[in-house]
Amino acid sequence: MSATMIKEFRLPDLGEGLTESEILSWKVGVGDTVSLNQVIAEVETAKAVVELPSPFAGVIKELHEQPGTVVEVGKPIVSFEVADDAGPAPSAAGAPAASGQDAGQDAGKGAGDAAGQAAGESSAGTPRREPNLVGYGAVVESTGRPVRRPRTFPAAGPVDAFAAETRPAATMRGEAAPADTTPAATMRGTGKTPAVEHIAPASDQPAGERPRSTPPVRKLAKDLGVDLARITGTGPQGLITREDVRHFMDGQSAEAGSPGEAAADQGGGKAGQGERETRTAIKGVRKFTAAAMVQSAFTAPHATEFLTVDVTPSMELLARLREGREFAGVKLTPLTLAAKAVLIALRRNPSLNSRWDGENQEIVTFHYVNLGIAAATPRGLTVPNIKGADSLSLVQLAQALSALADTARAGKTPPSDLTGGTISITNIGVFGIDAGTPILNPGEAAILALGAVRRMPWEYQGDVALRQVMTLSLSFDHRLVDGEQGSRFLADVGAILADPGRVLTMV
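Quick caveat: nothing in here was measured; it's all calculated off a predicted structure. One numbering rule holds for all chains: residues counted from 1, following each sequence as written. Where totals are concerned, whole chains, interfaces and linings use all residues; where local detail is concerned, this predicted model gives features only for residues with pLDDT of at least 70, and gives and counts side-chain atom pairs only at 80 or more. The side-chain numbers reported here are obtained from all heavy atoms of the structure, hydrogens and water having been left aside.

**Some details on the packing of aromatic side chains**
Here is step 1 of the chain: Any pair of Phe, Tyr and Trp rings, taking the six-membered ring for Trp, is counted once the centres come within 6.5 Å. Such a pair is stacked with planes under 30 degrees apart, edge-to-face with planes over 60 apart, and tilted for the rest. All chains considered together, the criterion is met by two aromatic pairs.
Here is step 2 of the chain: Each ring, one from Phe56 and one from Phe80, has its centre 5.3 Å from the other, and the planes form 70°; the classification is edge-to-face. A residue pair is termed long-range when its members are at least 10 positions apart, and Phe56 in the loop between β5 (49–53) and β6 (58–63) and Phe80 in strand β8 (residues 76–83) qualify at 24 residues. A single burial state applies to Phe56 and to Phe80, both of which are buried. Where helices and strands are cited, they refer to DSSP runs of H or I of at least four residues and of E of at least two residues respectively, numbered from the N terminus. Only protein chains enter the accessibility calculation, which uses a 1.4 Å probe. A residue is then buried if its area is under 20% of the maximum for its type, exposed if over 50%, and partly exposed in between.

Structure below.
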């Protein structure tokens, strides 16, 4: 009988640079036999729902997390019992490899971690390549990482534990947590974290050095009103973890009595008395959207312009196109024509298809258009984008818009479609709204809101007639787009919708 060994699968970062995901459901149970790349779980990141394939072929030994749990990248979520084809390999201490320890695992490596778990060691001690999680990178053949140098600040004045919160969110999400340098015998051999006193005197913190933690931990501490300088980290090289912050809060609560009971008395939330308020955890898409909107609103100087146009000719054109053979079975809406108008107007006004690169002090102008479409989904607002929309015909654009909407509503938008947008459209008209001041999608120069199409009295050929009218609302980043450029773009979009034949003079 061939020997078996236990391998843990740690949550990868799914290629998005995100720090955590929520386990929505398990597709397997303990004792189930799974094949390589079989879907074993469905997880929700801050952007989308993703199916997680198995990195091993074997038997499910243990599910470490329950559905509904938010798990940090790098933490074990499932253990497999797999065949040890190479036979048990002795460790440095002489223990058999089948003990369930995996020397290739490192809690801070995200996607590379998932691949590293699939890399065992041969009897000669050299890394051996095995099947790894598809799409999550090559097998990591070295567990070494450069040591991160402490960041120091002037000793005078209090330490600002939240200084990093002012950096762009894209930078913060891209940071990786430092590697776990705790000896395997301490962390993995016992499966327990060494007991540590969490409340440290001020003198334990090196003078002028900011407490070491990751952006999500700093955000958690900020939300809870916790000073990180008062906490001793239990992570690698003194890194402060979420558990450290929560343990600190538990200690404070114990000293203060039972604030939970007091809150229940004040809020009238006792059983049988009826709830006066509902508290919903901020997570998933809602959490990501909130962070993105705050970043955009307080980073890019917004300017908004409005234009009301008679779109009767466009609505008549839609009616004719729907009868055409080439559009049979294709869903055509005012959004379809508006999207095409935006793509044409961008050729004459490229500044609205650009990005502000503050780090390199450059303005990046895109020569392609990844058109974002704001979509209201059961999990919150998402803005998937159509890659290379400027190269699509009207039929192809209509088909892409329909597919994008269907996928978003089903919560199946792939992460790749939620990044890389260059300009966006939000169709607030479907809710009966005429105009608004849309907030820019982070990293984009402009967003256009389409109002409802309404029949109303309008001046037409020297008389007043009932016409179909729409209001366009354009928000743009005033660092990238001057008022003249924004006005010309909006005027071009309006001119096309008011007279589709005008396109012939623009291309």
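**Notes on the pattern of salt bridges**
Here is step 1 of the chain: Here, a salt bridge means any side-chain nitrogen of Lys or Arg that lies within 4 Å of a carboxyl oxygen of Asp or Glu. This structure, assessed with the given rule, holds 12 salt bridges.
Here is step 2 of the chain: For Glu8, the salt bridge is made with Arg10, and the minimal N-O distance between the two is 3.7 Å.
Here is step 3 of the chain: Residue classification places Arg10 among the buried positions, given a relative accessible area of 7%.
Here is step 4 of the chain: Via salt bridges that share partners, Glu20, Glu72 and Arg242 belong to a single interconnected network.

**Overview of the environment of Met506**
Here is step 1 of the chain: Looking at the element boundaries, Met506 is found in the segment after α11 (483–498).
Here is step 2 of the chain: By relative accessible area, Met506 is classed as buried at 11%.
Here is step 3 of the chain: Placed 158 residues apart in sequence, Met506 and Arg348 show a C-alpha to C-alpha distance of 7.9 Å.
Here is step 4 of the chain: Only heavy atoms matter for contacts: two residues are in contact if any of them lie within 4.5 Å across the pair. Not counting residues up to four positions away in its chain, the partners in contact with Met506 are Ile344, Arg348, Asp492, Ala495 and Ile496.

**Comments concerning unusual backbone geometry**
Here is step 1 of the chain: Residue Asn37 is not a glycine yet carries a positive backbone phi of 75°.
Here is step 2 of the chain: Within the secondary structure, Asn37 is located in the loop between β3 (33–34) and β4 (39–44).
Here is step 3 of the chain: For Asn37, a relative accessible area of 32% translates into the label partly exposed.
Here is step 4 of the chain: Positioned with a positive phi, Gln461 is a non-glycine residue whose angle comes to about 50°.
Here is step 5 of the chain: Topologically, Gln461 is positioned in the loop between β20 (454–460) and β21 (463–477).

**As for the environment of Pro301**
Here is step 1 of the chain: Its place among the elements puts Pro301 in the loop between α7 (284–297) and β11 (302–310).
Here is step 2 of the chain: Relative accessible area serves as the criterion here: at 35%, Pro301 is assigned to the partly exposed category.
Here is step 3 of the chain: If sequence neighbours within four positions are ignored, Pro301 has contacts with Phe476, Asp477, His478 and Arg479.

**Some thoughts on α11**
Here is step 1 of the chain: Here a helix's expected span is defined as the number of its residues, less one, multiplied by 1.5 Å. Taking 1.5 Å per residue as the helical rise, α11 with its 16 residues ought to reach 22 Å, and the 22 Å between its terminal C-alpha atoms agrees with that figure.
Here is step 2 of the chain: Looking at the packing, one finds that the buried side of α11 touches β11, α8 (312–322), α9 (334–348), β18 (423–426), β19 (446–450) and β21.

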